[in-house]
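Residues per chain are reported as follows:
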Amino acid sequence: MASATPSLEPTGVASQDALAAYRNMWGAFVEAAKTSDPDAPDLRIHASGQALKLIVSSLYSNRDQGKVTLGDLDIDPKVTEVKPAQAPTEVAVLDCVDSTNWLEYKASGGLWDDKPGGKHRTTATVILTDSTWKVSSFILEESGTC
């Protein structure tokens, strides 16, 4: 007797795929920030719209200032909404992005400043576009908000 593997309902699949896109966006940002590379191709694979503009702008600014960001960023995203339920195209994500160990350095070496990283309440929207989930927008609140 063959056992059927339960398949996830559309909202479960969308949630998994959206969280993967969200995690991958942050991973691409962390990687690009090591050299302040606004042209890193992985950014465009996982982010679009306002999210991509925000990241690219940050990387351009850091590069112009001779700044890089090094270390690890800790995230633990949770899905808060999936819509529409039957054929999801948008997922809302809530996170507490921990930048405690992700700090700005001078490209020439040494810490940029003495500001510690912290925990930032973050909300994001992940959308399905052309069969690909991408983070379209996010709001990273100030340190200490979660």
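Just so it is clear, the structure is predicted and the values come from calculations on it, not from any experiment. (Residues numbered from 1 in each chain as written. Predicted model: local features only at pLDDT ≥ 70, side-chain atom pairs only at ≥ 80, totals over all residues. Heavy atoms only, no water.)

Visitor: Please explain the pattern of salt bridges as it appears in this structure.
Guide: Where charged atoms from two side chains of opposite charge come close, those side chains can pair. Scanning the model with the defined rule gives five salt bridges in all. Note that lysine 83 and glutamate 90 form a salt bridge whose closest N and O atoms lie 3.6 Å from each other. Of the residues examined, glutamate 90 reaches a relative accessible area of 29% and is grouped as partly exposed. (Salt bridge = Lys/Arg side-chain N within 4 Å of Asp/Glu carboxyl O. Buried < 20%, exposed > 50% of the residue type's maximum accessible area, 1.4 Å probe, protein only.)

Visitor: How should I be thinking about the sheet that holds strand E5 (residues 119-129) in this particular structure?
Guide: By way of backbone hydrogen bonds, the strands of a sheet pair with one another, either parallel or antiparallel. Spatial ordering of the open sheet is given by E2-E3-E5-E6, a layout of four strands whose pairing is antiparallel. Strands at the two margins of the open sheet, each flanked by one partner only, are strand E2 (78-83) and strand E6 (132-143). In this sheet, adjacent strand axes meet at a mean angle of 20° when their direction is disregarded. Here E5 runs beside E6; their pairing, made up of nine bridges, is antiparallel. Residue pairing across strands places leucine 128 opposite tryptophan 133, the latter belonging to E6. (Pairing = 2+ DSSP bridges. Helix = DSSP H or I, 4+ residues; strand = E, 2+ residues; numbered from the N terminus. Axes fitted to C-alpha atoms, helices over the stretch in contact; angles between N-to-C directions.)

Visitor: Explain the confidence of the model for the protein chain to me, please; I cannot follow it from the model alone.
Guide: When pLDDT drops low, the exact placement of atoms in the prediction is not to be read closely. Considering every residue of the protein chain, the mean pLDDT works out to 93; 95% of them sit at 70 or more. Averaged pLDDT values over the elements of the protein chain bottom out at 93 in strand E4 (residues 102-106) and peak at 98 in strand E3 (residues 90-98). Of the regions scoring below 50 in pLDDT, residues 1-5 engages in zero contacts with residues more than four places distant in sequence or in other chains. (pLDDT = per-residue confidence, 0-100. Contact = heavy atoms within 4.5 Å.)

Visitor: What's the story with unusual backbone geometry in this structure? I'm lost.
Guide: Trans peptide bonds make up the majority, and among non-glycine residues the majority have a negative phi. Of note, the bond from lysine 83 into proline 84 is cis; its omega dihedral lies within 30 degrees of zero at -20°. Mapped onto the secondary structure, proline 84 falls in the loop between E2 and E3. Positive phi, normally seen in glycine, also occurs at aspartate 130, with a value near 50°. A residue is classified by how much of its surface remains accessible, and aspartate 130, at 72% relative accessible area, is exposed. Positioned with a positive phi, serine 131 is a non-glycine residue whose angle comes to about 65°. Positionally, serine 131 belongs in the loop between E5 and E6.

Visitor: Is there a simple way to think about the side chain of serine 99 in this case?
Guide: Tracing the backbone shows serine 99 in the loop between E3 and E4. Reaching out from serine 99, the side chain makes a polar contact with the side chain of histidine 120 at a distance of 3.1 Å. The residues contacting serine 99, other than those within four sequence positions of it, are Leu73, Gly117, Gly118 and His120. (Polar contact = N/O pair within 3.5 Å; in protein donor to acceptor, adjacent residues only side chain to side chain.)

Visitor: I tried to follow the packing of helix H1 (residues 10-33) against helix H3 (residues 49-65) on my own but got confused; where do I start?
Guide: Between two packed helices, the angle of one axis relative to the other and the distance separating the axes together describe the packing. At a minimum axis separation of 11 Å, H1 and H3 run at an interaxial angle of 15°. Taken together, H1 and H3 sit at an angle that is classed as roughly parallel. The two elements H1 and H3 meet at a crossing, and its hand is right-handed. Residues Met25, Phe29, Ala32 and Ala33 of H1 touch H3, and the partners they reach there are Ala51, Ile55, Ser58 and Leu59. Taken together, the residues that form the contact of H1 with H3 break down as seven nonpolar, one polar and no charged. (Parallel < 35°, antiparallel > 145°, perpendicular 65-115°, else oblique. Left-handed = near helix turned anticlockwise from the far one by under 90°. Nonpolar A, V, L, I, M, F, W, Y, C, P; charged D, E, K, R; others polar.)

Visitor: Mind showing me how you'd approach H3 here?
Guide: Side chains of residues three or four places apart in an α-helix project in the same direction, reflecting 3.6 residues per turn. Taking 1.5 Å of rise per residue, 17 residues should cover 24 Å, and H3 covers 24 Å from first to last C-alpha, within 8% of that figure. Every buried residue belonging to H3 is among Ala51, Leu52, Ile55, Val56, Leu59 and Asn62, and all of these are buried. Projected down its long axis, H3 carries its buried residues within an arc of 125°, all on one side. Summarising the geometry of H3, the exposed residues directed more than 90 degrees from the buried face are Lys53 and Asp64. Positive phi appears at glycine 66, one or two residues downstream of H3, with a value of about 75°. (Expected span 1.5 Å × (residues − 1). Arc of directions from axis to C-beta.)

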